[in-house]
Amino acid sequence: MAVPVSDTEAFFQQAGDRRFVPTAYTRGPWDEHSQHAGPPAALLGRAVQLRPGAREDMRLARITFEILRPVPLRPLSVTTRTLREGRSVELVEASLTPDGADEVMRATALRIRTAPGSVSPTSESLTFPPPERSRSEPFFPVPWEVGYHTAMDTRFAAGSFLGQGPATCWMRMRVPLVEGEKIMPLDRVLVAADSGNGLSHVLDFASHVFINPDLTVHLHRHPLGEWVCLDARTSIDADGTGMAEAALHDERGSIGRSVQSLFVGTRG
């Protein structure tokens with residue numbers, strides 16, 4: 001089994017046209033052998049945007065990820081195919097497969113043609129403090145030193161990692177998605193968006209598991225600046241199903257929304 005390239009200052013190191021080696025920064029807080037879903041989600045989003053023949057006049061409006069099984073800390077191959085190609089919209093599928101294993105994650109992305117200046121935009125300004133007036137909070141205990149929790153800078157406008165209930169958290173990547181590449185706006189959103197469930201948990205992590213087998217992100221515009229904010233809340237039912245949703249913002253205002261379906265159960 002491949003060992004993460006822990007000394008690379010990025011989430012992934014590219015090892016071929018479609019092959020990427022994860023670093024220790026991708027490791028999630030629950031399993032030392034599995035990635036947090038944020039970095040591989042961003043890797044699939046990157047593949048959609050940068051695939052050969054991708055039109056520059058189209059922008060991602062919605063992307064849904066099916067997390068088929070935990071994403072291991074092993075080299076990953078990314079493939080894409082166009083499901084629908086139209087004048088104003090296109091539908092693209094991207095898939096993530098570890099070396100010697102079955103597919104672990106799949107994305108279906110809707111891209112819409114842009115026409116800059118064609119309409120007057122609507123705007124929604126911030127109703128909570130910006131990152132410079134928000135606070136750092138301790139991360140919940142993680143038994144390894146390097147991982148997703150050390151690759152992200154966080155500032156809370158409301159709530160905390162250790163508290164339960166709704167939370168409003170600014171997040172910023174400390175390392176690029178792929179070694180040697182400039183961080184793209186979509187990278188910033190997708191690396192952060194899968195954190196809504198963890199930010200707004202409503203039951204104790206020590207006694208319960210919260211598993212999200214999917215993630216959907218809608219964007220009405222791409223972010224500006226380095227920070228992305230998740231204004232997140234979780235709702236659960238007594239039968240063990242739930243949903244985590246987050247309003248997404250940058251420092252200028254609203255950019256979209258993310259939603260995760262949840263399986264909730266007791267540990268042990």
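Residues numbered from 1 in each chain as written. Predicted model: local features only at pLDDT ≥ 70, side-chain atom pairs only at ≥ 80, totals over all residues. Heavy atoms only, no water.

Participant: Sorry, what's going on with the packing of aromatic side chains here?
Facilitator: Note on aromatic pairs: each is described by the distance of the centres and the angle between the planes. One pass over the structure, following the stated rule, counts six aromatic pairs. Consider the rings of F140 and F161, whose centres lie 6.2 Å apart with planes at 85°: the pair is edge-to-face. Within this pair, whereas F140 is found in the loop between β6 (105-113) and α2 (148-151), its partner F161 is found in the loop between β7 (152-158) and β8 (167-173), the two being separated by 21 residues in sequence. Residue F140 is classed as buried on the basis of its relative accessible area of 10%. Through a chain of ring-to-ring contacts, the aromatic side chains of W30, F139, F140, F156 and F161 assemble into a single cluster. (Phe/Tyr/Trp six-rings, centres within 6.5 Å; stacked < 30°, edge-to-face > 60°. Helix = DSSP H or I, 4+ residues; strand = E, 2+ residues; numbered from the N terminus. Buried < 20%, exposed > 50% of the residue type's maximum accessible area, 1.4 Å probe, protein only.)

Participant: Could you clarify how one ought to interpret the pairing of strand β5 (residues 89-98) in this entry?
Facilitator: Look at any regular strand and the pattern is simple: side chains alternate between the two faces of the sheet. Most of β5 sits inside the fold, with seven of its ten residues counted as buried. Of the strand pairs in this sheet, strand β4 (residues 76-85) and β5 are connected by nine bridges, and their pairing is antiparallel. Each bridged residue has a counterpart across the sheet, and for R81 the counterpart in β5 is E93. Linking β4 back to β5 in an antiparallel pair, the connection comprises three residues. Strand direction decides the pairing type here: β5 and β6, joined by eight bridges, are antiparallel. Note that in β6 the partner of A94 across the bridge is A107. (Pairing = 2+ DSSP bridges.)

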